[in-house]
Amino acid sequence: MQRPQEEPLEPIIPTETDPPVKVPLAIEDWLAVILLAALALITFANVVVRYLTDQSFAWTEEISVFLLIVLTMAGGSLAFVRNHHIRIEIIADNGTPRRQRILGLISNACVLAFFVLLTVLSTRLVYDEFRFEETSPAIGVPTWWYSIWLPIFAAGITLRVLGSLIRLARSRPEAGQ
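Residues numbered from 1 in each chain as written. Predicted model: local features only at pLDDT ≥ 70, side-chain atom pairs only at ≥ 80, totals over all residues. Heavy atoms only, no water.

As named in an unreviewed UniProt entry, the protein is TRAP transporter small permease protein, taken from Bordetella pseudohinzii. UniProt lists a comment for the protein under the heading Subcellular location (unreviewed entry), and it reads "Cell inner membrane". (UniProt positions renumbered as here; feature names shortened; annotations may be inferred.)

This is the structure:
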């Protein structure tokens, strides 16, 4: 008895190409992979130790929160460059190409303003933590060691969004639209 011919499976990895960027997106890709692996290993180690000894590592929560923040910022950067960020698709993806471009420009300008503001305000936060010598509750290290990454990644996302905005502004809608 012959097996019926199966239909080929769709690829798991999207086949879309990344937009042309000066700084490779592989940086954020690999950073996200490494951070997620580190987060999984730290959490797994804490669970095993807690199960075997009824005590946990005090430092794992602080490190996990730090890793999640950096992972979120790296993922956010990728989402904006690849145009996979959250939006109301019925508004953003419908209509003429000219309308989509205008909405894209407005959206990217708002996101750019937000991340510029986040960069400035988080830099002030880090400076205050450094100036007042705040320390973390579990480990006792300076909190700015954790916080310094927020303005760095916010500035990185700002540059990525600026690049997306420039690419979108330089593009022209199709003729007659």
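**Student:** Go over helix α4 (residues 97-131) with me, naming the residues and quoting the values.
**Tutor:** In a regular helix each residue adds 1.5 Å, so 35 residues correspond to 51 Å; α4 covers 50 Å between its end C-alpha atoms and thus fits that length. Taken residue by residue, α4 has Arg101, Gly104, Asn108, Val111, Leu112, Phe115, Thr119, Ser122, Val126 and Glu129 as its buried positions. Note on α4: the residue one or two positions beyond its end, Glu133, has a positive phi of about 55 degrees. (Helix = DSSP H or I, 4+ residues; strand = E, 2+ residues; numbered from the N terminus. Expected span 1.5 Å × (residues − 1). Buried < 20%, exposed > 50% of the residue type's maximum accessible area, 1.4 Å probe, protein only.)

**Student:** Describe the pattern of salt bridges, listing the residues and the values that go with them.
**Tutor:** Per the stated rule, a full pass over the model turns up 4 salt bridges. The residue Asp29 makes a salt bridge to Arg82 at a minimum N-O spacing of 2.9 Å. Linking Asp29 in helix α1 (residues 26-53) with Arg82 in the loop between α2 (59-81) and α3 (89-92), this pair joins segments that are 53 residues apart in sequence. A relative accessible area of 28% places Asp29 in the partly exposed class. Here Asp128 and Arg131 are joined by a salt bridge, their closest N and O atoms 3.0 Å apart. Of this pair, Asp128 and Arg131 both sit in helix α4, 3 residues apart, which is roughly one turn of that helix. On the basis of relative accessibility, which here comes to 31%, the residue Asp128 falls in the partly exposed class. (Salt bridge = Lys/Arg side-chain N within 4 Å of Asp/Glu carboxyl O.)

**Student:** Describe the layout of surface pockets, and please don't skip the residues or the numbers.
**Tutor:** In this structure, the largest pocket spans a volume of roughly 780 Å³. Lining the largest pocket are 25 residues, and of these Asn83, Arg87, Gln100, Gly104 and Leu168 lie nearest its centre. Lining of the second largest pocket is provided by 19 residues; of these, Lys22, Val23, Leu159, Arg160 and Gly163 occupy positions nearest its centre. Elements with a minimum of two residues in the lining of the second largest pocket: α1, α2 and α6 (149-170). Counting the residues that make up the lining of the second largest pocket, at least three belong to each of domain 1 (25-83) and domain 2 (89-171). (1 Å grid on protein atoms, 1.4 Å probe; cavity = no way out; pocket = protein on both sides within 12 Å on 5 of 7 lines; lining within 4 Å. Points joined across faces, edges and corners; volume = space filled by probe spheres on them. Domains from an automatic or database assignment.)

**Student:** I'd love a proper account of a nonpolar patch on the surface, names of residues and values included.
**Tutor:** A surface patch of nonpolar side chains, about 500 Å² in accessible area, is lined by Phe44, Val48, Tyr51 and Leu52. As for its placement among the helices and strands, Leu52 is situated in helix α1. Residue classification places Leu52 among the exposed residues on the basis of a relative accessible area of 63%. (Patch = residues over 30% accessible without salt bridge, like charges linked within 9 Å, V, L, I, M, F, W, Y side chains within 5 Å. Areas by Shrake-Rupley, 256 points an atom, 1.4 Å probe, with all protein chains shown as cover.)

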